Amino acid sequence: GESVGLHLPTLSVQEGDNSIINCAYSNSASDYFIWYKQESGKGPQFIIDIRSNMDKRQGQRVTVLLNKTVKHLSLQIAATQPGDSAVYFCADPAGYQKVTFGTGTKLQVIP
Amino acid sequence: DTAVSQTPKYLVTQMGNDKSIKCEQNLGHDTMYWYKQDSKKFLKIMFSYNNKELIINETVPNRFSPKSPDKAHLNLHINSLELGDSAVYFCASSHRGARNEKLFFGSGTQLSVL
């Protein structure tokens, strides 16, 4: 079936370095993606989204890249900080009222 | 002010018991959801309600019964709890429940069935 998956379950990054979290999707019809951040003991929180008519979208210290050819997207975090430590999910909200979440990548920031 | 609030935060109970989790949102959203997150952090939708009407029921055992008294509240009652029900349950809401909607999540209820 259709799925949204991540390549790496855990990513360790030195504080101040850039982080890249990857996500692969299989539904060719998907035209909108959302990245969520889930801190320990909290619910997922919206970070940034991107529509399929874009290749790149930038936020504050975060950038999402979308490659529709290989059905891949990535979340880049610049100058990673301890507060960035969390589990990151890519999500495909293409289904009516039904969002498909990827398996999540845990980002550990090393001080 | 908390946008989506759910209680309790932690719930520890014995197998076979019945328990409820409550959820309220003050965002004025029309659609509310229950998600289950397992120990590997996988998030799976259980139910979706739009204006108090059940829209999605994702093959959840009928021991789970959601109830929406109004569009700002969606409670989850679980009968005859089983060990496999142990997980974190998240309530969420969105504006219309249409495609391409952001979800707003509560902080979760960690259910431990002993």
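Residues numbered from 1 in each chain as written. Chains lettered and ligands numbered in written order. Predicted model: local features only at pLDDT ≥ 70, side-chain atom pairs only at ≥ 80, totals over all residues. Heavy atoms only, no water.

1. Things to note about the overall build of chain A
In terms of regular secondary structure, chain A is built from 0 helices and 11 strands. Secondary structure elements of chain A occur, N-terminal to C-terminal, as β-β-β-β-β-β-β-β-β-β-β. Accessible surface computed for chain A: about 5300 Å², of which carbon and sulfur atoms make up 48%. (Helix = DSSP H or I, 4+ residues; strand = E, 2+ residues; numbered from the N terminus. Areas by Shrake-Rupley, 256 points an atom, 1.4 Å probe, with all protein chains shown as cover.)

2. Considerations on the pairing of strand β5 (residues 45-51) of chain A
For a regular strand, side chains alternate in direction, first toward one face of the sheet and then toward the other. Residues and elements named next belong to chain A. Two elements, strand β4 (residues 32-38) and β5, share 6 bridges in a ladder whose sense is antiparallel. Note that in β5 the partner of Ile34 across the bridge is Asp49. Once β4 ends, the chain turns through 6 residues before running back antiparallel as β5, passing Gly41 with a positive phi of about 80°. (Pairing = 2+ DSSP bridges.)

3. A few points about the side chain of Thr80(A)
Residue and element names in this part refer to chain A. Summarising the element assignment, Thr80 is placed in the loop between β8 (72-77) and β9 (86-95). From its side chain, Thr80 meets the backbone oxygen of Asp17 in a polar contact 2.7 Å long. Residue contacts for Thr80: discarding those within four places in its chain leaves Val13, Glu15, Gly16, Asp17, Asn18, Ser19, Arg61, Leu107 and Val109. (Polar contact = N/O pair within 3.5 Å; in protein donor to acceptor, adjacent residues only side chain to side chain. Contact = heavy atoms within 4.5 Å.)

4. Some thoughts on unusual backbone geometry
Put simply, Thr7(B) and Pro8(B) share a cis peptide bond, and its omega is -5°. By the secondary structure assignment, Pro8(B) is in the loop between β1 (4-7) and β2 (10-13). Backbone geometry places Lys71(A), a non-glycine residue, at a positive phi of 55°. Following the sequence through the fold, Lys71(A) ends up in the loop between β7 (62-67) and β8.

5. Focus: the environment of His73(B)
All names here are of chain B. Tracing the chain through its elements places His73 in strand β8 (residues 73-78). The spatial distance from the C-alpha of His73 to the C-alpha of Asn51 is 9.9 Å, given a sequence separation of 22 residues. The residues contacting His73, other than those within four sequence positions of it, are Cys23, Glu24, Met32, Lys67 and Ser68. Within the structure, His73 has its side chain in polar contact with the side chain of Asp70 (distance 2.7 Å).

6. A short note on the interface of chain B and chain A
Contacts between chain B and chain A engage 27 residues on the former and 21 residues on the latter. Both faces considered, chain B and chain A share a buried interface measuring about 2000 Å² in area, 54% of it formed by carbon and sulfur atoms. Across the salt bridge formed by Lys102(B) and Asp49(A), the nearest N and O atoms sit 3.8 Å from each other. Summed over the shared surface of chain B and chain A, the result is 3 residue pairs in polar contact (both at pLDDT 80 or more). Where the side of chain B that touches chain A is concerned, the elements lending two or more residues are β4 (31-37), β5 (43-50) and β6 (53-57) of chain B. The residue makeup of the side of chain B that touches chain A, split by class, is 11 nonpolar, 8 polar and 8 charged. (Buried area = accessible area lost by both parts, 1.4 Å probe. Salt bridge = Lys/Arg side-chain N within 4 Å of Asp/Glu carboxyl O. Nonpolar A, V, L, I, M, F, W, Y, C, P; charged D, E, K, R; others polar.)

7. Describing the sheet that holds β8(B)
All names here are of chain B. With antiparallel pairing, the 4 strands of this open sheet are ordered in space as β1-β3-β8-β7. What marks the edges here is a single partner per strand, and that holds for β1 and β7 (64-70). The average undirected angle you get between the axes of adjacent strands in this sheet is 15°. (Axes fitted to C-alpha atoms, helices over the stretch in contact; angles between N-to-C directions.)

8. Some remarks on the environment of Gly108(B)
Residues and elements named next belong to chain B. By the element assignment, Gly108 lies in the loop between β10 (104-105) and β11 (109-113). Here Gly108 falls in the buried class, since its relative accessible area comes to 1%. When the C-alpha positions of Gly108 and Lys9 are compared, they lie 6.3 Å apart, and in sequence the two are 99 residues distant. Residues within four places of Gly108 in sequence aside, it is in contact with Gln6, Pro8, Lys9, Val88, Tyr89 and Phe90. (Buried < 20%, exposed > 50% of the residue type's maximum accessible area, 1.4 Å probe, protein only.)

9. Examining the pattern of salt bridges
All told, the structure shown has 7 salt bridges over all chains when counted by the stated rule. Asp49(A) is paired through a salt bridge with Arg57(A); the nearest N and O atoms lie 2.2 Å apart. Owing to a relative accessible area of 34%, Arg57(A) belongs among the partly exposed residues under this scheme. Note that Asp84(A) is salt-bridged to Arg61(A), the shortest N-O span being 2.9 Å. Taken together, the residues span a long stretch of sequence, with Asp84(A) in the loop between β8 and β9 and Arg61(A) in the loop between β6 (56-58) and β7 at a distance of 23 residues. Accessibility expressed as a relative area gives 7% for Asp84(A), which makes it buried. Counted as one network, the salt bridges with shared partners bring together Asp49(A), Arg57(A) and Lys102(B).

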